[in-house]
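Spelled out from the first residue to the last, the chains are:
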Amino acid sequence: MGLIDAHPALVAVSPQAPQADWFLGDDTHHNGAFFLTSTFNFMIACGLETGAGPSRCDRTTHLRIEDGYRFFLDLGPLANAETRWFKGRSPGWTMMMEHGTYDRFWKERSLLPHLRNVRPAVLTVGGLYDANNYYGALEIFKAIERSSPTTDNAIVIGPWSHGQWNRDPGSRLGILDFGSATSAVYRDSMLIPFFEHHLRGVGSGAHPKAWVFETGANRWRSFDVWPPAEGVAKSLYLGAGGALGFEPPRTGRDSVDEYVSDPANPVPFTGKPSGDMDPDYMAQNQRFAADRPDVLVYQGEPLREAVTIAGTVAPELFVSTTGTDGDWIVKLIDVHPDGTQELVRGDVIRAKFRSSVEQPEPMVPNQLTKLGFTMPDVLHTFRPGHRIMVHVQSSWFPLVDRNPQTFVDIYKARESDFRTATQRIYRTGDHASRIRISVLQGGAIP
């Protein structure tokens, strides 16, 4: 916040895991879908009023939830959180429950419109596996690029969970080993030189626009523009029989895949019991979900050459539902030769917000509808011998709250509003569902 209309004495700022917009992509919502575990647990620990005012993030008040899947499923509709747990003591929770669309309440709290004529130099830091504020880091960097083009503006994107770059060496997360102490490299080669130059006049101050860690290849890369201008637009098409490829599928009778989404049996977001948003949930093997009947799996052939993707991942799905609302979660996965399914990027869109986060609209039952959204940036290399995989599902629980699959205010939904729905994905002709990506040329592993 200090870099907005900054005092002249403020010459350099490093926003690290910054918040930009709590409805569009940070902390509490992604594309309007409510992130339940992180918001509930944060408000219990940090958002309760006491006799002396708001709590001071007393983690001793954090509920000891061993199995979050069971806890939140037993909670029932989201409104029960207020009557059973918050009971009027959490103004933050209450306000969220009163503002279920992108209205004035949320717009007034967005940082992005105010990042104009920024005077201090800015080095924004974000983590590829930070489910809290990676959106904020990316969007703050991009907003300054657009609205304040003369600012000395750069970004560091490392292979980290929320704040991990300040807590540990950054050599691994979950099942992933990054091959080096990435946090130390960042501090010694990026952060310290940035402040040494701007505060002490040490060095030339020359630096790239972006330092980004390339997962899969396990190396740092620098770019003069982010996302890289040399990326070539490609699409991964969902095909018949669970195929996935860069060529559009041929038209045929087998052009639709379907599954039944049951709010009483949602797809879990992690393969182990968890009471909160695990810091490493994006670095966990995704095989736990692949065999469920309510998860569609599409997989390419083993790669003969490396494929490096950079920038946003943008699903474009053609779907229909027997309901009047629904969630669609897309996961882009790197399948290792030993069968490990590494999540490269995954996110959710709440269908009623498909055209506008301000004015939700119902799905028309059984009517083909286009759903398009973008997921936060990646830089990842799929190595030779690996496969590219996509999961499509309609729940991600309890990371994301359950969608009743009926067009209602979910924050006020009743048990009777929750219904099963048949979800269909179309794959051919003008309705070829795909994942749009940007591929870097010369991406082979050295």
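What comes next is a walk through the structure. Here the structure is a predicted model, which means the values were calculated and not measured.

Thresholds applied
- Residues numbered from 1 in each chain as written.
- Predicted model: local features only at pLDDT ≥ 70, side-chain atom pairs only at ≥ 80, totals over all residues.
- Heavy atoms only, no water.
- Phe/Tyr/Trp six-rings, centres within 6.5 Å; stacked < 30°, edge-to-face > 60°.
- Helix = DSSP H or I, 4+ residues; strand = E, 2+ residues; numbered from the N terminus.
- Buried < 20%, exposed > 50% of the residue type's maximum accessible area, 1.4 Å probe, protein only.
- Lys NZ or Arg CZ within 6 Å of the ring centre and 35° of its normal.
- Contact = heavy atoms within 4.5 Å.
- Pairing = 2+ DSSP bridges.
- Axes fitted to C-alpha atoms, helices over the stretch in contact; angles between N-to-C directions.
- Nonpolar A, V, L, I, M, F, W, Y, C, P; charged D, E, K, R; others polar.
- Salt bridge = Lys/Arg side-chain N within 4 Å of Asp/Glu carboxyl O.
- 1 Å grid on protein atoms, 1.4 Å probe; cavity = no way out; pocket = protein on both sides within 12 Å on 5 of 7 lines; lining within 4 Å.
- Points joined across faces, edges and corners; volume = space filled by probe spheres on them.
- Core = buried A, V, L, I, M, F, W, Y, C linked by side-chain atoms within 4.5 Å.

**Topic: the packing of aromatic side chains**
Tallied over the full model, the rule gives 25 aromatic pairs. Centre to centre, the rings of F34 and W93 are 5.6 Å apart; their planes meet at 75°, and the pair counts as edge-to-face. Here W93 lies in helix 4 (residues 91–98) and F34 lies in strand 3 (residues 33–34), a separation of 59 residues in the sequence. The burial state of F34 is the same as that of W93; both residues are buried. Among the aromatic residues, those joined into a cluster by ring pairs are F34, F40, F71, F72, W85, F86, W93 and Y411. If you follow R402 out to its NZ or CZ, it ends over the ring of F418, 4.4 Å from the centre.

**Digging into unusual backbone geometry**
Note: most peptide bonds trans; most residues except glycine with negative phi. In the segment running from W226 into P227, the intervening peptide bond is cis, with an omega of -5°. Mapped onto the elements of the fold, P227 is located in the loop between strand 11 (219–223) and strand 12 (232–238). For the bond running from F397 to P398, omega is -5°, close enough to zero to count as cis. With respect to the helices, strands and loops of the structure, P398 is situated in the loop between strand 21 (387–393) and strand 22 (421–426). A positive phi angle, near 50°, is found at D5, a position not held by glycine. A relative accessible area of 69% means that D5 is categorised as exposed. The phi torsion at N366 lies on the positive side, around 65°, for a residue other than glycine. When you line up the elements, N366 lands in the loop between strand 18 (341–350) and strand 19 (369–372). Overall, the relative accessible area of 48% leaves N366 in the partly exposed class.

**Things to note about the environment of T374**
When you line up the elements, T374 lands in the loop between strand 19 and strand 20 (375–382). Once the C-alpha coordinates of T374 and L138 are considered, the two residues, 236 residues apart in sequence, prove to be 13 Å apart. For T374, the contacting residues outside a window of four places in its chain are N31, V313 and A314.

**Digging into the pairing of strand 14 (residues 256–261)**
The side-chain alternation of strand 14 yields one buried face, formed by D257, Y259 and S261, and one unburied face, formed by V256, E258 and V260. In terms of strand pairing, strand 14 meets strand 22 through six bridges, oriented antiparallel. Its bridge partner being in strand 22, V256 is matched across the sheet by Y426.

**A look at the packing of helix 1 (residues 36–46) against helix 4**
Taken N-terminus to C-terminus, the directions of helix 1 and helix 4 make an angle of 145°; their axes are 9 Å apart at the nearest point. Of the residues in helix 4, those in contact with L36, T39, F40 and M43 of helix 1 are G92, W93 and M96. Residues that form the contact of helix 1 with helix 4 fall into these classes: five nonpolar, two polar and no charged.

**A word on the pattern of salt bridges**
The final tally for this structure, using the stated rule, is 20 salt bridges. For R104, the salt bridge is made with E108, and the minimal N-O distance between the two is 2.6 Å. Look at R104 and you get exposed, because its relative accessible area is 64%. Look at E108 and you get partly exposed, because its relative accessible area is 49%.

**Things to note about the sheet that holds strand 21**
Strand order in the open sheet formed by four strands is 15-21-17-18, and the pairing between neighbours is antiparallel. Looking at the sheet topology across the chains shown, the edges are occupied by strand 15 (295–299) and strand 18. The average angle at which neighbouring strand axes cross in this sheet is 15°, direction not considered. Bridge count for strand 15 against strand 21 is five bridges, and the pairing is antiparallel. Each residue of the ladder has a partner; that of Q299, found in strand 21, is M389.

**A look at the layout of surface pockets**
Considered as a void within the structure, the second largest pocket measures approximately 360 Å³ in volume. Lining the second largest pocket are 21 residues, and of these M1, Q19, A20, W22 and R109 lie nearest its centre. Of all the secondary-structure elements, those providing two or more residues to the lining of the second largest pocket are helix 4 and helix 5 (104–107). With three residues, the single largest contributor to the lining of the second largest pocket is helix 4. Split by residue class, the lining of the second largest pocket holds 16 nonpolar, three polar and two charged.

**Side note on the nonpolar core**
Looking at soluble globular proteins, one finds that nonpolar side chains tend to be buried together. One finds I157, W226, Y281 and L399 to be the most contacted residues of the largest nonpolar core, which totals 35 residues. Within the residue set of this core, elements represented by two or more residues are helix 6 (134–147), strand 7 (153–158), strand 10 (210–214), strand 17 (327–335) and strand 18. Not counting residues within four places of it along the chain, the set of residues in contact with Y281 comprises F35, A131, F269, Q286, W396 and L399. One finds L236, M363, V392 and V439 within the second-largest nonpolar core, a separate group that totals 31 residues.

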